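Here is how the chains run, residue by residue.
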Amino acid sequence: MSTQNRGSLVVIEGLDRSGKSTQCQLILENLQAKGKKVQLYKFPDRSTAIGKKIDAYLKETSQLSDQVIHLLFSANRWELIDDIKSKIQSGVTCVLDRYAFSGIAFSAAKGLNWEWCKSPDRGLLRPDLVIFLHVSPEIAAKRGQYGEERYENIEMQKMVEKNFERIQREYTEEKLSFVTLDASSSLETVHSQIINLIDKVDVSRALETL
Ligand code: DGP
């Protein structure tokens, strides 16, 4: 990929109800106000045919094996990656609300093999920056609409939290910039920390793959 004037690839991860989607919206507004081209992608993207299957699974109106849903979540990322790649090449900063790291964290929490969970996402674009918004599962559980979907229970979220710690360790060893922020601080504090990190992304480096 050409390194000239490319956009950056930023991923926001977190437990359910960690404030990810609000922060993604604030990032969008901040970068747009600075005149930057920016596009937000939310994973899972529930609008595609695969995304609709994922949505039904999360709302518990359909049942699928743990392996099948893992592969569907990954396929949902693969179906959008060419679009993301061409946006980045044309100078657009792409902000992803969840990505492959959620895939490992949630599926491994159900007992699937760690390396097996990683494999379907190998070859996807490697982000310039991953920000994990940390909020304790107990605090998240007190937030609005919690418990409406599959996975929104404290036991599951605690395992997911542990898995994100391992993901951060492993990817940091691979030199991926993976930062955990305390998302229980005020919206404004978290937002300005995120913007500081995004401003420091080095887009002169070529994008690699996971
Ligand atoms: P959200 O739309 O951000 O609330 O995410 C939907 C739920 O799906 C949330 O509980 C996290 C979970 N999730 C997101 N990505 C993946 C994935 O790749 N694999 C699995 N198993 N779960 C995921």
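Residues numbered from 1 in each chain as written. Predicted model: local features only at pLDDT ≥ 70, side-chain atom pairs only at ≥ 80, totals over all residues. Heavy atoms only, no water.

**Student:** Describe in detail the site of the ligand, supporting the description with residues and values.
**Tutor:** What surrounds the ligand is a group of 14 residues, the closest being Asp16, Arg46, Arg77, Arg98 and Gly103. With respect to the ligand, the side chain of Lys20 contributes an N or O atom lying 3.4 Å from an oxygen atom. Arg77 is positioned such that a nitrogen or oxygen atom in its side chain is 2.9 Å from an oxygen atom of the ligand. The protein chains hide 94% of the 500 Å² of surface that the ligand would expose on its own. Every element with two or more residues in the shell around the ligand is listed here: helix H3 (66-89) and helix H4 (100-109). Examining the composition of the shell around the ligand, we find that four residues originate from one element, H4, more than from any other. Looking at the shell around the ligand residue by residue, the class counts come to five nonpolar, three polar and six charged. (Near = heavy atom within 4 Å. Polar contact = N/O pair within 3.5 Å; in protein donor to acceptor, adjacent residues only side chain to side chain. Areas by Shrake-Rupley, 256 points an atom, 1.4 Å probe, with all protein chains shown as cover. Helix = DSSP H or I, 4+ residues; strand = E, 2+ residues; numbered from the N terminus. Nonpolar A, V, L, I, M, F, W, Y, C, P; charged D, E, K, R; others polar.)

**Student:** Break down the state of the cysteines for me, with residues and values.
**Tutor:** Enumeration over the complete set of coordinates arrives at zero disulfides. The structure places no disulfide on Cys24, whose sulfur is separated from the nearest cysteine sulfur, that of Cys94, by 12 Å. Classification of Cys24 by relative accessible area gives buried; the value is 1%. (Disulfide = S-S within 2.5 Å. Buried < 20%, exposed > 50% of the residue type's maximum accessible area, 1.4 Å probe, protein only.)

**Student:** Before we move on, could you go through the sheet that holds strand S1 (residues 9-14) and cite the residues and values that matter?
**Tutor:** Read from one edge to the other, the open sheet built from five strands follows the order S2-S3-S1-S4-S5, with strand pairing classed as parallel. Looking at strand neighbours, the two that pair on one side only are strand S2 (38-42) and strand S5 (178-182), the edges of this open sheet. When strand polarity is set aside, the average angle formed by the axes of neighbouring strands in this sheet is 20 degrees. Pairing geometry for S1 and strand S4 (residues 129-134), over five bridges, is parallel. Opposite Val11, over in S4, you have Val130 as the bridge partner. Its contacts with the sheet place helix H1 (residues 20-33) against S1, S2, strand S3 (93-97) and S4, and it is angled at close to 165 degrees to S2. (Pairing = 2+ DSSP bridges. Axes fitted to C-alpha atoms, helices over the stretch in contact; angles between N-to-C directions. Contact = heavy atoms within 4.5 Å.)

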